[in-house]
Structures are given as structure tokens and as C-alpha cells.
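Structural features, examined
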Amino acid sequence: AAWTPQQIKAAITKPMGMPPIREMARGKKQVVIIFDDLTRSTRVAQIVPFVLEELAAAGIPDRNIRFMSALGTHGPMTRPDLTKKLGEAVMARYAVYNHNAFGDLTHVGTTSRGNKIMVNTEVMNCDLKIAIGSVSPHPIAVFSGGGKMILPGVCGRETVAFNHSMKATPEENR
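Conventions and cut-offs
Residues numbered from 1 in each chain as written. Predicted model: local features only at pLDDT ≥ 70, side-chain atom pairs only at ≥ 80, totals over all residues. Heavy atoms only, no water. Phe/Tyr/Trp six-rings, centres within 6.5 Å; stacked < 30°, edge-to-face > 60°. Helix = DSSP H or I, 4+ residues; strand = E, 2+ residues; numbered from the N terminus. Buried < 20%, exposed > 50% of the residue type's maximum accessible area, 1.4 Å probe, protein only. Pairing = 2+ DSSP bridges. Axes fitted to C-alpha atoms, helices over the stretch in contact; angles between N-to-C directions. Contact = heavy atoms within 4.5 Å. 1 Å grid on protein atoms, 1.4 Å probe; cavity = no way out; pocket = protein on both sides within 12 Å on 5 of 7 lines; lining within 4 Å. Points joined across faces, edges and corners; volume = space filled by probe spheres on them. Nonpolar A, V, L, I, M, F, W, Y, C, P; charged D, E, K, R; others polar. Core = buried A, V, L, I, M, F, W, Y, C linked by side-chain atoms within 4.5 Å. Salt bridge = Lys/Arg side-chain N within 4 Å of Asp/Glu carboxyl O.

Tallied over the entire structure, the rule returns 1 aromatic pair. Ring geometry for Phe 67 and Tyr 94: centres 5.5 Å apart, planes at 65 degrees, overall edge-to-face. Residue Phe 67 is located in strand E2 (residues 65-69), and its partner Tyr 94 is located in the loop between helix H5 (88-93) and strand E3 (95-98); the two are separated by 27 residues in the primary sequence. Comparing Phe 67 with Tyr 94 shows no difference in burial state: the two are buried.

A word on the sheet that holds strand E1 (residues 31-35). Read across the open sheet, the 4 strands follow the order E3-E2-E1-E6; overall the sheet is parallel. With one partner strand each, in any of the chains shown, E3 and strand E6 (128-132) form the two edges of the open sheet. Each strand of the sheet is rotated relative to its neighbour by a mean of 25 degrees, with strand direction disregarded. Sheet topology places E1 next to E6; 5 bridges connect them, and they run parallel. Note on E6: the bridge partner recorded for Phe 35 is Ile 132. Against the sheet, helix H3 (residues 44-57) touches E1, E2 and E6, its axis set at about 155 degrees to E6.

A separate point is unusual backbone geometry. The linkage connecting Leu 151 with the following residue, Pro 152, adopts the cis geometry, with an omega of 20 degrees. Non-glycine residue Asp 104 carries a positive phi angle of around 55 degrees. Here Asp 104 shows up in the loop between E3 and strand E4 (105-110).

Its location among the elements puts Asn 120 in strand E5 (residues 116-120). Given the relative accessible area of 5%, Asn 120 is considered buried. Residues contacting Asn 120, with those up to four places away along its chain left out, are Met 68, His 99, Asn 100, Asp 104, Leu 105 and Val 154.

Taken as a whole, the largest pocket holds about 820 Å³ of empty space. Around the largest pocket, the lining comprises 29 residues; the ones closest to its centre are Ile 12, Ile 47, Ala 131, Ile 132 and Gly 133. Sorting the residues of the lining of the largest pocket by element identifies helix H1 (5-13), helix H2 (21-25), H3 and E6 as the ones contributing at least two each. Per element, the largest residue contribution to the lining of the largest pocket is 5 residues, and it comes from E6. Across the lining of the largest pocket, the residue classes tally to 20 nonpolar, 6 polar and 3 charged.

Another aspect to go through is the nonpolar core. Ile 33, Val 51, Leu 52, Leu 55, Ile 65 and Phe 67 are the most contacted members of the largest nonpolar core, which has 28 residues in total. Among the secondary structure elements, those contributing two or more residues to this core are H1, H2, E1, H3, E2, helix H4 (79-86), H5 and E6. Here this core gets 7 residues from one element, more than from any other, and that element is H3. Leaving out residues up to four positions away in the same chain, Val 51 has contacts with Ile 12, Ile 21, Ile 33, Ile 130 and Ile 132.

Moving on, we get to the environment of Met 77. Inspection of the secondary structure assignment puts Met 77 in the loop between E2 and H4. Exposure remark for Met 77: the relative accessible area of 8% places this residue in the buried category. Along the chain, Met 77 and Ile 34 lie 43 residues apart, while their C-alpha atoms are 14 Å from each other. Aside from chain neighbours lying at most four places away, what touches Met 77 is Phe 35, Asp 37, Leu 38, Ser 69, Leu 71, Leu 82, Lys 85 and Asn 98.

This part covers the pattern of salt bridges. Per the stated rule, a full pass over the model turns up 7 salt bridges. Salt-bridge contacts for Glu 53 lead to Lys 9; the nearest nitrogen and oxygen are separated by 3.6 Å. A residue pair is termed long-range when its members are at least 10 positions apart, and Glu 53 in helix H3 and Lys 9 in helix H1 qualify at 44 residues. As a salt-bridge pair, Asp 62 and Arg 93 come within 2.5 Å of each other at their nearest N and O atoms. In this pair, Asp 62 is assigned in the loop between H3 and E2 and Arg 93 in helix H5, connecting sequence segments 31 residues apart. What makes Asp 62 partly exposed here is its relative accessible area of 29%. Arg 93 gets classed as exposed once you look at its relative accessible area, which sits at 53%.

Take a look at the structure:
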């Protein structure tokens, strides 16, 4: 069953195990809201107004907020796709970007297994990153969403390819 707006607001303003967004946003300069694409059922347009209220309460101006689709290596979303996911009000008021896995990437480190982690530069230029997406069972990857909003969501093609080529346990990778 779908959550009511009151339930969504309560979850956003009083999250479990972490401070509210307005507290995390205090003193931050640039914010990116990362969202999943149309292959996921997340109702981002119903959630994002409450996130934006929290950012406004922390004093973050609209011009310092941008939205980034977590596409991984999938093709870009069209304007109608983005509007369906975010709503017309967000499209009209904020900068909205499709992630590009083939360029404009920043190297943030290399994993112990040798994966060079390249992340979207626009995302890395923000000092607060918020991801809105669903976590659901996945036949190959066990679950979709969660940390996958970052890798593969906003990482470069080579980073994603390396990660996808890894086997489930370290022993299998020898």
C-alpha cells in the first residue's frame, strides 16, 4: 500500500538511526539529490517535496540544489521520463541532470580489489548527497537500490564494469 503524505513527511523529518536532513544540511553549500530511473517503482515526486522542505529549513537556497539520475551505464532519461519521476514543479525550479558514465568523472580512490572508483563530478562537487530510491529483490544482484544508487548509479563505465565482473566471494576472485 502507498504511504500517505503524512507518513512520508514523518519518515523524512524523523528518520531512524540518523539525524534529520535539516541537521545534516546545516552549513552545507551544495546539495545533490540522486534518484532512481523509471525501471524502479520509487515515487520520487511524492517524496522530494518533503526533502526540499528540510533543505529550505536548513537555509539551502534552490540554486544550490540539483538532481541527478542514477542511471549507471543505462541510456539517458528523456524530459517526459524525468518529469514523470520528479514532477513538473521540480523540473521547472531546479537543475536536473542525467548521469553520464562515459565522462565528467572524478577519481575518488581505488578499492582493495583494484577497482578505480570514478564518480560523477557534479555529485562529487556537492558536500551533501541525498539518494531517493527503493530497495527491492534483484534476480542477479540480490537487491537493487540502497548503496547501488552510488555504484553503479553515478559511477563511470569502467568502475561499473569492474564491479559487475567481481564474483560473490573473495575466494572466487583468486
